[in-house]
Amino acid sequence: MSRDVQTTRGDVAPNERSRYADAALTPPVDVIEDANGITLYADLPGVSRDKLDLKVESDTLTIEAESGIALPEGLRSHHTEVGLARYRRVFTLSKELDTEKVSAELAQGVLTLRIPKARHAQPRRIEVKVA
Amino acid sequence: MYRSLFPRDMFAEMDRLQREMQQAFDLSPTIRGFARDGYPALNVGGTPQTLEVYAYAPGVDPASLEVHLERGVLTIAGERKPALPATDEKAAVHIHERFAGRFRRVVTLPDDADPERIDARLRDGVLHITVQRRASAQPRRITIQ
């Protein structure tokens, strides 16, 4: 956790809003690597394309999203399993990945991210010499 | 182990713990318990006229989704296909947290739920079910003679 817990705690009047100001759910992901690159799948239910923010800065991939579910007026909650409407997850990428060629697709609340490997990092078969 | 959508945020975690403690001390919970960490995750609420159920079911083929309301019990069932290609021998799975397979979740609805007036919509991986309450159960103002 990179947030400074002390400053949050030190708030004079930590009301609900400031307390959850930067709280976010960690979406579950699948990460699969094949010979040509890495595919990442992330569950982001309720997120439409305009509420999805993907960033690659040097070797850091940040996924931030907000779910835009319109709640009916006067709704009283009885049972809550998803208590926040924001998602965030950060990954460190490795050097051989080509961050210029990342492609992303969002369908039915699932983000599919494809990060290809740089050309020079494509697999080469290494000859094993028998001495 | 599949991880749910619970936040890593400490304060939200503490709130969740407190909620679960309260439920644990409730001496007469419903017989179907408080299923947590299930797929799909459920939020249940209501307005004076309706009952609202939100099922967070990303990546589910709408054709495989089944919603039933029978004798006051709402069932949401379906299947989510795995993302992993079973055939690629050279593929390495580094992280595997997402649920895959068949699922079924059951919610008991209050007695005034009208099984004839139920509406289900799937959008961006969230299934929103609205059940109208019976008119007879609506609050009425009684005139004093």
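What you are looking at is a predicted structure, and each value in this text was computed from that prediction instead of being measured.

K.L.:
Any chance you could explain the interface of chain B and chain A here in plain terms?
P.N.:
Buried accessible area, meaning the area lost when the parts come together, often serves as the stated size of an interface. Contact residues are listed per partner, giving 41 residues for chain B and 40 residues for chain A. Within the residue set of the side of chain B that touches chain A, elements represented by two or more residues are α1 (10-25), β1 (41-46), β2 (50-56) and β5 (92-96) of chain B. With 6 residues, β1 of chain B is the largest single contributor of residues to the side of chain B that touches chain A. Here the side of chain B that touches chain A is built from residues that sort into 22 nonpolar, 9 polar and 10 charged. Relative to β5 of chain B, strand β1 (residues 29-34) of chain A is paired through 4 bridges, and the arrangement is antiparallel. Bridge pairing links I32 of chain A to V93 of chain B in β5 of chain B.

K.L.:
What should I look at first to understand the confidence of the model for chain B in this one?
P.N.:
Low pLDDT means the predicted coordinates in that region are not meant to be read closely. Residues and elements named next belong to chain B. Averaged over chain B, the pLDDT score is 81; the fraction of residues at 70 or greater is 78%. Per-element confidence in chain B is highest for strand β8 (residues 126-133), whose mean pLDDT is 94, and lowest for α1, whose mean pLDDT is 71. Overall fold confidence (pTM) sits at 0.75, and the ipTM for the predicted complex is 0.73.

K.L.:
Just checking my understanding: could you explain the environment of F103 of chain B for this structure?
P.N.:
Residue and element names in this part refer to chain B. For F103, the position within the fold is in strand β6 (residues 101-108). C-alpha separation for the pair F103 and D119, spaced 16 residues apart in sequence, amounts to 21 Å. Residues contacting F103, with those up to four places away along its chain left out, are Y39, P40, A77 and G78.

K.L.:
Sorry if this is basic, but what is going on with unusual backbone geometry here?
P.N.:
For residues besides glycine, phi is generally negative; the peptide bonds are generally trans as well. Phi angles above zero are rare outside glycine, and S58 of chain A is one such case at about 45°. The topology assignment puts S58 of chain A in the loop between β3 (52-57) and β4 (60-66). With phi around 50°, D124 of chain B is a residue other than glycine that occupies positive phi space. Structurally, the position occupied by D124 of chain B is in the loop between β7 (113-123) and β8. What makes D124 of chain B buried here is the crowd of 21 C-beta atoms within 10 Å.

K.L.:
I would appreciate a short explanation of the sheet that holds β7 of chain B in the present structure.
P.N.:
Backbone-to-backbone hydrogen bonds pair the strands of a sheet. The strands run either parallel or antiparallel. Taken in spatial order, the 5 strands make up an open sheet running β5(A)-β1(B)-β2(B)-β8(B)-β7(B), and their pairing is antiparallel. Both edges of this open sheet fall to β5 (76-80) of chain A together with β7 of chain B, since each of them pairs with a single strand only. The average angle at which neighbouring strand axes cross in this sheet is 20°, direction not considered.

Thresholds, definitions, all that
- Residues numbered from 1 in each chain as written.
- Chains lettered and ligands numbered in written order.
- Predicted model: local features only at pLDDT ≥ 70, side-chain atom pairs only at ≥ 80, totals over all residues.
- Contact = placed C-beta atoms within 7 Å.
- Helix = DSSP H or I, 4+ residues; strand = E, 2+ residues; numbered from the N terminus.
- Nonpolar A, V, L, I, M, F, W, Y, C, P; charged D, E, K, R; others polar.
- Pairing = 2+ DSSP bridges.
- pLDDT = per-residue confidence, 0-100.
- Buried ≥ 20, exposed ≤ 12 C-beta atoms within 10 Å, placed from the backbone.
- Axes fitted to C-alpha atoms, helices over the stretch in contact; angles between N-to-C directions.

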